[in-house]
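# Per-entry structural report
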Amino acid sequence: MQKSITYKQVRWTSEGRDLQSLLQRAIRKLPAALDRHRPVDEQESAFHALNHHRSQDGALFSEVVQYTQGQHQQMLVKAPNAPEYGLEEYPPPENSDGHEREFLGSQLFFVVDHNHVALVQSQALSSRHLERYLRWLLAERLDLLEQEERFFLADQVAPKEKERITRSHAKKIRLGADLVTRAELPQSEARELVQHIPYGRGAELLRAAFGDRWKAMAHFSDALDEANIEVALEIRYKYRTTPNAQEFLDQVAISLRHAEPEDVEVELSDGGKIKGNDLRLSAKLRVEANNGRVDRQQLCEQMTDWLRQQIDRGVR
């Protein structure tokens, strides 16, 4: 099984903080996993929880799991000669030991070495979810942070791509986003009055372009989710530019490592192109898996080794 690993650096609003030591304190204070689960929906049925954890060569390896309480698992029924597969639902199994069972929704694995982080994320559990969860655990659940104290997990640009931008220089930067909407029901609850309001980065770009006029335009009778409309911001120079402007363009290109990778493309002056995924410091790992269940020990060792390599190379 192949997994993508990404490097993050912990940035604090205050001096002298260490994420690894804070998490170790949190685990000591809350040794039971049930005490570390956080509801992530209004119904308080879906949860994120810091689950498995261990020390590995001085670093902390852990995972965050996602599950929905009482959620059933669907299975296909492959009847011979049937025109289509049937569907059956199975609830979490009951056991005589009295312990509740839940189907696992997703996992995110991470290693922390002081303020350096390496993570293997999934579609359902990303670095943003990890950041929110750790803030909740340290600040709200345990009050280990000061009231105004904040941290975030910052992407680092891949050295190879940074060198390409510095050597060849950015000529054109494209930042795109799909235009999507969400339904808003008026107080009358009349179905014919439902409005579909744009939101997200695509809507923000249009709001910046149209100003006050956008509010009057941003109402649709149907959803735009399948309309395949993309909004794009393009920054470029036409024929030539000044050294200061070129430096600005290069810095913008490098800073876009924080954007969603599929939304970013940088065109260099030599004709080369860099996609958003290539801007981030990341790599591929091969991990053994049994029926889809990864070998934690092997993953732990590989993630820790990779993180230490990045630290030894002097990531900034």
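Here, the structure is the one placed above.
Let me begin by describing the structure that accompanies this report. (Residues numbered from 1 in each chain as written. Predicted model: local features only at pLDDT ≥ 70, side-chain atom pairs only at ≥ 80, totals over all residues. Heavy atoms only, no water.)

### Quick word on the packing of helix 1 (residues 19-29) against helix 2 (residues 127-141)
- Between helix 1 and helix 2, whose axes approach to 10 Å, the crossing angle comes to 65°. Helix-helix and strand crossings are classified by hand; for helix 1 and helix 2 the assignment is left-handed. Between helix 1, through Leu 19, Leu 22, Leu 23 and Ala 26, and helix 2, the contact on the second element is made entirely by Leu 134, Leu 137 and Leu 138.
- In the contact of helix 1 with helix 2, the residues fall into 7 nonpolar, no polar and no charged. (Axes fitted to C-alpha atoms, helices over the stretch in contact; angles between N-to-C directions. Helix = DSSP H or I, 4+ residues; strand = E, 2+ residues; numbered from the N terminus. Left-handed = near helix turned anticlockwise from the far one by under 90°. Contact = heavy atoms within 4.5 Å. Nonpolar A, V, L, I, M, F, W, Y, C, P; charged D, E, K, R; others polar.)

### Description of the packing of aromatic side chains
- Counted under the stated rule, the structure contains 4 aromatic pairs.
- Both rings, one in Phe 47 and one in Tyr 67, keep their centres 5.4 Å apart while their planes meet at 25°; by these two values the pair is stacked. Here Phe 47 is found in strand 3 (residues 46-56), whereas its partner Tyr 67 is found in strand 4 (residues 59-68), with 20 residues between them in sequence.
- On the accessibility criterion, Phe 47 (6% relative accessible area) is buried.
- The class for Tyr 67 is buried, based on a relative accessible area of 16%. (Phe/Tyr/Trp six-rings, centres within 6.5 Å; stacked < 30°, edge-to-face > 60°. Buried < 20%, exposed > 50% of the residue type's maximum accessible area, 1.4 Å probe, protein only.)

### Some thoughts on the pattern of salt bridges
- Tallied over the full model, the rule gives 8 salt bridges.
- The closest approach of N and O atoms between Glu 131 and Arg 135, which form a salt bridge, is 2.9 Å. Taken together, the positions of Glu 131 and Arg 135, both in helix 2 and 4 residues apart, correspond to about one turn of that helix. (Salt bridge = Lys/Arg side-chain N within 4 Å of Asp/Glu carboxyl O.)

### So, a negative patch on the surface
- Residues Asp 57, Glu 288, Asp 295, Glu 301 and Asp 305 make up a contiguous surface patch of negative charge.
- Here Asp 305 shows up in helix 8 (residues 296-312).
- Judged by relative accessible area, Asp 305 falls into the partly exposed class, the value being 43%. (Patch = residues over 30% accessible without salt bridge, like charges linked within 9 Å, V, L, I, M, F, W, Y side chains within 5 Å. Areas by Shrake-Rupley, 256 points an atom, 1.4 Å probe, with all protein chains shown as cover. Lys, Arg positive; Asp, Glu negative; His and termini not counted. Charge placed at Lys NZ, Arg CZ, Asp CG, Glu CD.)

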